[in-house]
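Descriptive structure summary
Residues per chain are reported as follows:
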Amino acid sequence: MLGRVTQTRTAARAARTLASELARHNGPKSGLVVGAHGRSATLTAAIEGMLPGDTLTAVPAEASGAGALRDHIAAQSRWVSERVRVADSLAEADPADVVIVAEPLRGSAEEARATIEGLTKYLVEGGILSVATGVTGGAAAELDRQAALFGVGSDLVVRNNPPLRVHRLRFTTATSALAGHIAPAYRPSSVPLTRTMHIDSNGVAAAGITLGLAALARLARPKSRLWLVPALAAAPVAAFFRDPERDVPEDQGAVVAASDGKVLSVERLHDDRFGPGEFLRIAVFLSVFDVHVNRAPVAGRVVDHFVTDGGFAAAMRPEAEHNVAAYTVLDTARGTVVVAQRTGLVARRIVQRAPVGALLAKGERFGLIRFGSRTDVYLPAAAAEPLVAPGDRVVGGASVIARWT
């Protein structure tokens, strides 16, 4: 029923990505690792993600491996051995909040589909299935199709041999309240420079392109110094996509900034696209020197995402109201909250990574805008009190811009 798995070693980075949904839930929760063995990096990552009150069931790829797997668990600390159960087969396992397939799927699309269908009955309501596959082949194509229908997050893990794509699938709706009990998601494609500073994968790609242009210019005109222009541009281009770690306020009543920048306006308005009530809108302008990674201002479930056409006026001008914009609509315990990512005079590319159905923790990264832009946060006016004014500087994920009343 589980189809075939590759002999590819799931390295620690891919394993951590597979277990990320289990690790980010603050518990109590249940996990199920399918196809585990004593040397499984995925099983190790799942155990490391457990908190007091959590339980984990491990199912070996073959029933004959259950004994060795039990010996492996028994050799761990008492804390682990008391919380991890080994089942001889999947039929003995109970439904769990997070089901993880320990090794990447391969084979045909039909085999992958049968595997996914066989595992869905082991998910509780709103549960997550975490599964990896290669980037090509029948199984990869089927997982891409499943992700388009049920995906709540996908990551390409380049630092695995070969690279893997990890999909997180949710087949039934999770409650919005659950978002308040999760930590921001782990993103393996963000490249760490230091403990507190990363570079978004878009920055790695952009820097690679500029260095490639420099190499081509050097080959085409070896006696010219023209190649220095793109070569020297690589560092500032990468720096634009810097992605620092932020300390998100734990205060449940705090609403945080969706981006770095300067507050342009704080106003009350009506927008029938989001509901009949009045909204408090806080608009923030991002210069080219600001961090452009966008974060969720509150915890919630993504219920809609749409893009509107428009112009490309300078983001600090009133005309930017009609620029191209991407709207992410969140269902929260306090009502509908919306984040608008607006393009600007230079910004022409919006990245939104949170599909409908995804749960976002407060302060969690969900996208970015390239090269100067604006973000607007819409809050139910009757439930929120602004704490910023035009001209204030804010820091995405850290500055409190409003408070629930």
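Residues numbered from 1 in each chain as written. Predicted model: local features only at pLDDT ≥ 70, side-chain atom pairs only at ≥ 80, totals over all residues. Heavy atoms only, no water.

As for the overall build of the chain
- Check the secondary structure of the chain and you find 9 helices and 26 strands.
- Taken against the 2.2 N^0.38 rule, which gives 22 Å for 405 residues, the C-alpha radius of gyration of the chain at 23 Å falls within 12% of a compact globule.
- C-alpha atoms of the chain, sized along the principal axes, occupy 70 × 65 × 40 Å.
- Looking at the chain as a whole, 51% of its 405 residues are labelled buried.
- Pairs at least 24 apart in sequence give 74% of the contacts found in the chain among residues at least 6 apart.
- If you sum the accessible surface of the chain, you get close to 18100 Å²; carbon and sulfur atoms cover 56% of it.
- Each charge class in the chain can be summarised by its mean position, and for the 45 positive and 39 negative side chains these summaries are 9 Å apart. (Helix = DSSP H or I, 4+ residues; strand = E, 2+ residues; numbered from the N terminus. Rg over C-alpha atoms; globule rule 2.2 N^0.38 Å. Buried < 20%, exposed > 50% of the residue type's maximum accessible area, 1.4 Å probe, protein only. Contact = heavy atoms within 4.5 Å. Areas by Shrake-Rupley, 256 points an atom, 1.4 Å probe, with all protein chains shown as cover. Lys, Arg positive; Asp, Glu negative; His and termini not counted. Charge placed at Lys NZ, Arg CZ, Asp CG, Glu CD.)

Here's the deal with the layout of surface pockets
- Volume-wise, the largest pocket comes out at about 1200 Å³.
- Sorting the residues of the lining of the largest pocket by element identifies α1 (12–18), α2 (20–24) and α3 (41–48) as the ones contributing at least two each.
- Looking at the lining of the largest pocket residue by residue, the class counts come to 23 nonpolar, 12 polar and 13 charged.
- If you trace the second largest pocket, you find 35 residues lining it, with Ser154, Asp155, Arg187, Ser189 and Arg353 closest to the centre.
- At 6 residues, the largest contribution of residues to the lining of the second largest pocket is made by strand β8 (residues 151–157). (1 Å grid on protein atoms, 1.4 Å probe; cavity = no way out; pocket = protein on both sides within 12 Å on 5 of 7 lines; lining within 4 Å. Points joined across faces, edges and corners; volume = space filled by probe spheres on them. Nonpolar A, V, L, I, M, F, W, Y, C, P; charged D, E, K, R; others polar.)

What about the environment of Arg334?
- Counting through the fold element by element, Arg334 comes out in the loop between β18 (325–332) and β19 (335–342).
- Among the residues examined, Arg334 registers a relative accessible area of 39% and is labelled partly exposed.
- When the C-alpha atoms of Arg334 and Trp404 are compared, they prove to be 8.0 Å apart, with 70 residues separating the residues in sequence.
- Non-local contacts of Arg334, meaning those with residues more than four positions away in its chain, are made with Pro380, Ala383, Trp404 and Thr405.

Section: the sheet that holds strand β22 (residues 365–369)
- Read across the sheet, 3 strands follow the order β16-β22-β20 without closing on themselves; strand pairing throughout is antiparallel. A strand with exactly one partner marks an edge of an open sheet, and here the two such strands are β16 (293–295) and β20 (350–352). Taking each pair of neighbouring strands and ignoring which way they run, the sheet shows an average axis angle of 25°.
- Across 3 bridges, β20 lies against β22 in antiparallel orientation. (Pairing = 2+ DSSP bridges. Axes fitted to C-alpha atoms, helices over the stretch in contact; angles between N-to-C directions.)

Notes on the domain arrangement of the chain
- Taken domain by domain, the chain consists of domain 1 (12–172), domain 2 (197–241) and domain 3 (250–404).
- Taken over C-alpha atoms, the centre of domain 1 sits 39 Å from the centre of domain 2. (Domains from an automatic or database assignment.)

Examining the sheet that holds strand β26 (residues 400–404)
- The sheet built from 3 strands is open, its strands ordered β13-β26-β24 with antiparallel pairing. The sheet is open, and its two edges are formed by β13 (254–256) and β24 (384–386), each paired on a single side. The mean angle between the axes of side-by-side strands here comes to 30°, regardless of whether they run parallel or antiparallel.
- Sheet analysis places β24 next to β26, joined by 3 bridges and oriented antiparallel.

Comments concerning the pattern of salt bridges
- By the definition in use, this model includes 27 salt bridges.
- One salt bridge connects Arg70 with Asp88, and the closest N-O pair in it is separated by 3.0 Å. Of this pair, Arg70 sits in helix α4 (residues 66–74) while Asp88 sits in the loop between β4 (84–86) and β5 (96–101); the two residues are 18 residues apart in sequence, bridging distant segments of the chain.
- For Arg70, a relative accessible area of 35% gives the class partly exposed.
- With a relative accessible area of 30%, Asp88 lands in the partly exposed category.
- We note a salt bridge from Glu267 to Arg281, for which the minimum N-O separation is 2.6 Å. Here the residue Glu267 occupies a position in strand β14 (residues 261–270), and Arg281 occupies one in strand β15 (residues 278–286), the gap between them amounting to 14 residues.
- Accessibility expressed as a relative area gives 31% for Glu267, which makes it partly exposed.
- Residue classification places Arg281 among the buried positions, given a relative accessible area of 4%. (Salt bridge = Lys/Arg side-chain N within 4 Å of Asp/Glu carboxyl O.)

Here we look at α3
- When α3 is considered as a whole, its buried residues turn out to be Thr42, Leu43, Ala45, Ala46 and Ile47.
- Where α3 begins, the side chain of Ser40 points an oxygen toward the backbone nitrogen of Thr42, at a separation of 3.3 Å. (Polar contact = N/O pair within 3.5 Å; in protein donor to acceptor, adjacent residues only side chain to side chain.)

A few points about the packing of helix α8 (residues 201–220) against helix α9 (residues 228–240)
- At a minimum axis separation of 8 Å, α8 and α9 run at an interaxial angle of 175°. Taken as axis vectors, α8 and α9 run roughly antiparallel relative to one another. Taken together, the residues of α9 that come into contact with α8 (itself represented by Gly203, Ala206, Ala207, Thr210, Leu211, Leu213 and Ala214) are Pro230, Ala231, Ala234, Val237 and Ala238.
- Residues that form the contact of α8 with α9 fall into these classes: 10 nonpolar, 2 polar and no charged. (Parallel < 35°, antiparallel > 145°, perpendicular 65-115°, else oblique.)

A few points about the pairing of β26
- Sheet topology places β13 next to β26; 3 bridges connect them, and they run antiparallel. Each bridged residue has a counterpart across the sheet, and for Ala254 the counterpart in β26 is Arg403.

Side note on the pairing of strand β3 (residues 55–60)
- Counting buried positions along β3 gives 5 out of 6 residues, so the element sits mostly inside the fold.
- Sheet topology places strand β2 (residues 30–36) next to β3; 6 bridges connect them, and they run parallel. Paired with Leu32 across the bridge in β3 is Thr57.

Some thoughts on unusual backbone geometry
- Cis peptide bonds are those with omega within 30 degrees of zero, and the linkage from Asn161 to Pro162 qualifies with -5°.
- Mapped onto the fold, Pro162 is located in the loop between β8 and β9 (164–169).

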